[in-house]
Each structure stands twice: as C-alpha cells, then as structure tokens.
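# Structure at a glance
For reference, the chains in residue letters:
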Amino acid sequence: MTPTDLPPVRTASPRLHFAPRNNWMNDPNGLVFHDGLYHLYFQYNPQGVEHANLSWGHATSTDLVRWTEHDPAILWDDDAQIFSGSVVVDHGNTSGFGTAEAPPLVALYTAAAPGHQSQALAYSTDGGYVWTKYDGNPVLDRGTSDFRDPKVFRYDDGGDGYWVMVAVEAEDRQVLFHRSDDLKTWTYLSSYGPAGPVGGVWECPDMFPLAVDGDETDVRWVLLISLNPGGIAGGSGTHYVVGDFDGTTFRASVPHAAPTRELLRAGSQTRDELERYGWIDFGPDCYAGVTFDGLSRSERTLIAWMDNWKYAGRIPTHDSDERRSAMTLPRRLSLTRDAEGVERLRQHPAIGFEVEESIDLLSMAGGVALAERVAGAARIRFTATFGDAQSIELHIESASEEGRVVIRQDRTSGRVELERLGEGMPSGFRGSPSMTLDRRDEIGWDLWVDDLNERVSSVELFAQNGERVLTALIPVASPRTYTVTAVGGSLDGVRADIAERGC
Ligand code: FRU
C-alpha cells in the first residue's frame, strides 16, 4: 500500500491539527521525517473510543497540516499491547533488516503485558507502512513492570557513532540511558533522577541537542520528561531540563534537588516549587510530547498529545465523529538564554497561516471585536503595550453563547491566565491554568484556535516570543467571536493580525 492509495483524513474539523478519523488516540509515537514525508505514529485503539487494545496508528504528511491516515502500523496481540516508542531510519543497516541501499525503518516500542513491560523491536522495509515484529523480542528486559517509552537516536561520538535509547522506569522517576550498535543488543550507560518534579510517574522521555540562540559552538542537550499527575496545570504535564550529554551521562546545567522519601511517597509539590522547573507548556492539554527523528538540529520539531489523563476518556465525542483526542500543533524548538543566563526552550508553530486582515489602532480602551462569527480555525497575533491599562482580556465566545473563555494578562504580576468554565465538560476540567511572563509591559500573543468537534475546541497561546506556551481544550464551539478589552485604562500601539480557515 502506498500513501496515494488512501483518502485524505481531513474531515470538517480539526483543520490545523491531526486527529484520527475515528477511535481513541493518545501519545505521538515514532515521529520520523523520511524521504520527504513526515510520519506520525500514535497510540491507537483500532476498535473503540476507550484506552484499550493499544496499537500504533499511522499518518503521513508533506507539510505537517494535511495528514493522510493509513492502516494501523503495529497491532496489539495476545501477548502484549504496543505502548509508546520511537522510529529511526537505520541508514547504515546496522540492524541487518534491510540493505545499505534501502535502509530499514526500525521501531522500538514497549511491549506491555500485565505486570511486565519490556522494549521490543519491529521493522519496515517499505518506508514505514508494513511492519514486522522481530522474532528475537524483547530486545531489552529488566524484568520490571513499568519500564517503558523508548526514544532512540543516533549519537555522534566523532567516530562511527552508536544508538542511544532513553526510556523510563516510570514509578522510580528515573530516565535510563542504554547504548547499542545494532538496535537489538542494548547495554546500560547511566540514569537520571529522581529529581525535580516527581508528583507522578515519569513517561515518554526525549533528549536532543539544540544550539543556544543559533550559535553552533554553544550546543546544549534538552531532556524532556512527561509526568502524570504532578504537572504544573494539574494532571499530566511535561517538564524539561537543559544540560550536557557526553555520550554516557546527562548532567543538568542547574541540577534539581533529589526528592526526599516522603515527597516521593506523598507526591504533591506546591505551585511555587513547580515554578522553579522548566515546562514545555503551562496549560493542561499538552502531554507526552516528543520530537521528529531525521530533521536537522535547527529544525527540531515536537508534537504532543492535546489532552490530559485527568479527563481524556470523558471528553464528549460527537455522533458524527466517534473519536477522542487530537495532537498539538507541530512546534519548532530552539534554545535561548534569559537575562540571568538560564537556558530556556522556545517554541514556534511549524506551520504557516496567511494573514487575512490586520487591525491597527494607536490606542484602545474598552472593548473591540477582533473577529466575529469565525467558523473554523483562527490565528490571532496580538501585540500592544500596557499604556495605563491594568489588564487585557480576550473573550472567545460561541456565537450561540453557550461557551466562553477569557484569557487575561495582568500588568503588575505578568500573569496570563485562561479561565475555563467547562459547562458540560467532565469533572477535573474546570480551572484557570496560568503562566507568568518576565516582560510585563508588553503584550505579545500568538493565539491558535481550532475545532476538535462540535462542542470542543483548542487554544494554543504562544507568549513572550514562544518562551511561554499554554495549551487548553475549551468548551467553545464554532462559529466563535473574539473580543478584546483593555481593563482600567487604555492600551497603546495595538495591532492584531488575523487569519481564518473556514469550512
Ligand atoms: C503516556 C503513556 C505511556 C504509555 C502509553 C500507553 O501517556 O501512559 O507511558 O506507553 O501512554 O498508552
């Protein structure tokens, strides 16, 4: 089967995000760019909208916007479910499953049986469509129950290089590093953790190098660790640590203290404590994010699951499309240093959206309708300075007035919060996720909104040039109206660029 044989997956919604045609989806798996195509595999139940029968679904795209869904790539069987993992292109045919001229694609995934998780291998010699489970599985087994989510990459040691696997002992809050020459035999290198956020199990790690502010002589390594619960917005969330990897050991630039035994047992950390760590997203709905293999260092791109284990199984589906969950926008990652010299991750959407309308105002008091009755996806880039206003509010309302969300930035505290009311949504959904900006006088939002179904949409808010991001599902249906209000004075230099993608 080739990609052109299959119909495009895009239905009426979402317009900018990947969602399968039907059924349950969670983590992105095996993100790989190969021969001009982005492959997205994902945790998928081929038989229903519940988290069960875990297999790898599969979709491809040339532009990260329009996706073609294919037959599931790796199916669960009587022995194990196919949990999360990664794919590499084995260019040197080190595994022997292909040839040097036609390198195989190799997947490392977790074979999950009750009480036992080990790492297993599957390979594809047709470019990622048909997969064969290796008959020597498992390839890495510690005899434990929560060892999972292998992310594999090629490490360049200045010589021939070797494969490195990053995986977690989830309950121990540890990331384990192993190495291999052929993807089939793995030897232990080192471990990281427990450290930093430990309020839940650690899952779906990733690790990669990035140049600081584009300076190729100043390269740092970024370790991503998802944890559930214990995230900064409650429930699941993903934090990052910047440091150095010498081919054996990862060392954080600013080491996080090891938790006490009591903390590990009790699990709860205060917001103040969590604020000290790096988070890829301050919203509740960005989890298990991992990056593509096969792109250059400056093109490092992440996709995450746009949901939260707190309520993912209870988000309303709609009769016309029986499915659960979507992925976040693909996000290009870079590193920068803040005024204190601390390395910070930056994210920018990796897809384009043409500006259709620009609103320019010297100053603005009270309310302005930015866009009315937008049916479909919208991107609003809003910039201003505070003038004498105390705060700014953006209201996103369903035209039917059933749903409303307010995003507010406060001048004094630098806090941006999203008030999520959640009528008709499951328990655990209500709340006001927030993030605090360093630059308090400026307002610089890049806001992306899309429908997931007839009741649920998503917001991704990139602020402070992508250094702070907040992603949330919202109970606001399309068509929507966007209104912005300056509270307690007026804003200066107001500009909004608006783009819509309608039905
Ligand atoms: C993270 C996770 C992974 C696991 C997968 C199972 O969301 O719990 O640790 O491999 O989902 O679907």
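What you see is a predicted model, and the numbers here were worked out from it, not measured in a lab. Every chain begins its residue count from 1, and numbering advances along the sequence as written. For this predicted model, a pLDDT threshold of at least 70 governs which residues receive local features, and a threshold of 80 or more governs which side-chain atom pairs are given and counted, while totals over whole chains, interfaces and linings are taken from all residues. Derived side-chain values reflect all non-hydrogen atoms in the structure, with water molecules and hydrogen atoms excluded from consideration.

## A look at the site of the ligand
As a matter of local geometry, the ligand sits amid 13 residues, with Asp-27, Gln-43, His-51, Arg-148 and Asp-149 nearest to it. Polar contacts, as counted here, are pairs of nitrogen or oxygen atoms within 3.5 Å of one another; within protein the pair requires one atom able to donate a hydrogen and one able to accept it, and residues that are adjacent in sequence qualify only if both atoms are side-chain atoms. Gln-43 is positioned such that a nitrogen or oxygen atom in its side chain is 2.7 Å from an oxygen atom of the ligand. Between the ligand and Arg-148 there is a distance of 2.8 Å, counted from an oxygen atom to a side-chain nitrogen or oxygen. Starting from 320 Å² of accessible surface for the ligand in isolation, the protein chains cover 96%. Amino acids are sorted into nonpolar (Ala, Val, Leu, Ile, Met, Phe, Trp, Tyr, Cys and Pro), charged (Asp, Glu, Lys and Arg) and polar (every other residue, Gly among them). For the shell around the ligand, the per-class residue count stands at 5 nonpolar, 4 polar and 4 charged. What makes a residue near a molecule or strand is one non-hydrogen atom of that residue sitting within 4 Å of it. We get accessible surface area from the Shrake-Rupley algorithm with a probe of 1.4 Å; when it comes to residues, only the shown protein chains can shield them.

## Observations concerning the side chain of Thr-291
By the secondary structure assignment, Thr-291 is in strand β18 (residues 287-291). Within polar-contact distance, the side chain of Thr-291 engages the side chain of Asp-206 at 2.7 Å. Polar side-chain contacts of Thr-291 include one of 2.9 Å to the side chain of Arg-300. Put simply, DSSP H or I for four residues or longer makes a helix, DSSP E for two residues or longer makes a strand, and each gets a number counted from the N terminus.

## Observations regarding the pairing of strand β10 (residues 162-169)
With respect to burial, β10 is a largely interior element, 8 of its 8 residues being buried. Judged by which residues are buried, β10 turns out to be covered on both faces: Tyr-162, Val-164, Val-166 and Val-168 on one side and Trp-163, Met-165, Ala-167 and Glu-169 on the other are all buried. Strand pairing follows a simple DSSP-based rule, namely that at least 2 bridges must link the two strands. Where strand β9 (residues 147-155) meets β10, 7 bridges bridge the pair, whose relative direction is antiparallel. Following the sheet pairing, Val-152 is matched in β10 by Met-165. Taking the residues between adjacent antiparallel strands as the criterion, β9 and β10 are bridged by 6 residues, where Gly-158 takes a positive phi near 85°. Pairing analysis gives 7 bridges linking β10 to strand β11 (residues 174-180), with the strands arranged antiparallel. Throughout this description, buried means an accessible area under 20% of the type-specific maximum (1.4 Å probe, protein chains only), exposed means over 50%, and partly exposed covers the range between.

## Quick notes on the domain arrangement of the protein
As far as domains go, the protein holds domain 1 (21-348) and domain 2 (354-501). Note on contacts: a residue pair qualifies if any of its non-hydrogen atoms lie within 4.5 Å across the two residues. With 33 residues of domain 1 at the interface, the matching set in domain 2 holds 31 residues. Of the roughly 2600 Å² buried between domain 1 and domain 2, counting both surfaces, carbon and sulfur atoms make up 54%. The working definition used for a salt bridge is a side-chain nitrogen of Lys or Arg within 4 Å of a carboxyl oxygen of Asp or Glu. A salt bridge links Arg-420 to Asp-285, with the shortest nitrogen-to-oxygen separation between them at 2.9 Å. Those elements that place two or more of their residues in the side of domain 1 that touches domain 2 are α2 (271-275), β21 (331-337) and β22 (343-349). Along the lines of polarity and charge, the residues of the side of domain 1 that touches domain 2 split into 13 nonpolar, 8 polar and 12 charged. What marks off one domain from the next here is an automatic or database domain assignment. By convention, the term buried area covers the 1.4 Å-probe accessible surface removed from two parts as they join, with the contributions of both added.

## Focus: unusual backbone geometry
For the bond from Asn-137 to Pro-138, the omega torsion is 0°, close enough to zero to count as cis. Counting through the fold element by element, Pro-138 comes out in the loop between β8 (132-133) and β9. Geometrically, the link from Ser-478 to Pro-479 is a cis peptide bond, its omega value of 0° lying close to zero. Looking at the element boundaries, Pro-479 is found in the loop between β31 (468-474) and β32 (480-501). At Asn-53, a residue that is not glycine, the phi angle is positive and equals roughly 50°. For Asn-53, the location among the structural elements is in the loop between β2 (37-45) and β3 (55-61). Phi at Asp-149 is positive, roughly 65°, even though this residue is not glycine. Examined against the element boundaries, Asp-149 turns out to sit in strand β9.

## Notes on the sheet that holds β8
The sheet built from 4 strands is open, its strands ordered β5-β6-β7-β8 with antiparallel pairing. Where the open sheet ends on each side, the last strands, each with one partner, are β5 (81-89) and β8. The pairing of strand β6 (residues 105-113) with strand β7 (residues 116-124) spans 9 bridges and is classified as antiparallel. Looking across to β7, one finds that Val-106 is bridged to Tyr-123.

## As for the environment of Ser-334
With respect to the helices and strands, Ser-334 occurs in strand β21. When its relative accessible area of 27% is taken as the criterion, Ser-334 is described as partly exposed. Between the C-alpha atom of Ser-334 and that of Gln-347, which follows or precedes it by 13 residues, the distance is 6.6 Å. Discounting residues that sit within four places of it in the chain, Ser-334 has contacts with Leu-210, Arg-344, Leu-345 and Arg-346.

## Details of the side chain of Thr-328
Assignment of secondary structure puts Thr-328 in the loop between β20 (323-324) and β21. Beyond its immediate chain neighbours, meaning those up to four positions away, Thr-328 contacts His-17, Asp-285, Cys-286, Ile-303, Ala-304, Trp-305, Met-306 and Glu-460.

## Some details on the nonpolar core
What makes a nonpolar core is a set of buried Ala, Val, Leu, Ile, Met, Phe, Trp, Tyr and Cys residues whose side-chain atoms join them at distances within 4.5 Å. The biggest cluster of nonpolar side chains holds 68 residues, and the ones touching the most others in it are Tyr-192, Phe-250, Leu-370, Phe-382, Ile-407 and Leu-491. At 7 residues, the largest contribution of residues to this core is made by β32. Per-domain counts for this core show at least three residues from each of domain 1 (21-348) and domain 2 (354-501). For Tyr-192, the residues in contact, after removing those within four places along its chain, are Arg-173, Gln-174, Val-175, Phe-177, Trp-202, Leu-223, Ile-225, Val-241, Phe-250 and His-256. Core analysis: the next-biggest nonpolar cluster, separate from the first, contains 25 residues, Phe-18, Ala-59, Leu-64 and Trp-448 among them.

## Some words on a negative patch on the surface
Each patch is built from residues that are more than 30% exposed by relative accessible area and take part in no salt bridge. Like charges join if they lie within 9 Å; nonpolar side chains (Val, Leu, Ile, Met, Phe, Trp, Tyr) join within 5 Å. For the charge count, each Lys or Arg is scored as positive and each Asp or Glu as negative, with His and the chain ends excluded. Charge positions are represented by NZ for Lys, CZ for Arg, CG for Asp and CD for Glu. On the surface, a cluster of negative charge is contributed by Glu-354, Glu-356, Glu-357 and Glu-500. Inspection of the secondary structure assignment puts Glu-354 in the loop between β22 and β23 (357-374).

## Here we look at the pattern of salt bridges
Under the criterion given, the structure shown has 33 salt bridges. The shortest N-O distance in the salt bridge between Asp-438 and Arg-344 comes to 4.0 Å. Here Asp-438 is found in the loop between β28 (434-436) and β29 (442-451), whereas its partner Arg-344 is found in strand β22, with 94 residues between them in sequence. Overall, Asp-438 belongs to the partly exposed group, its relative accessible area being 40%.

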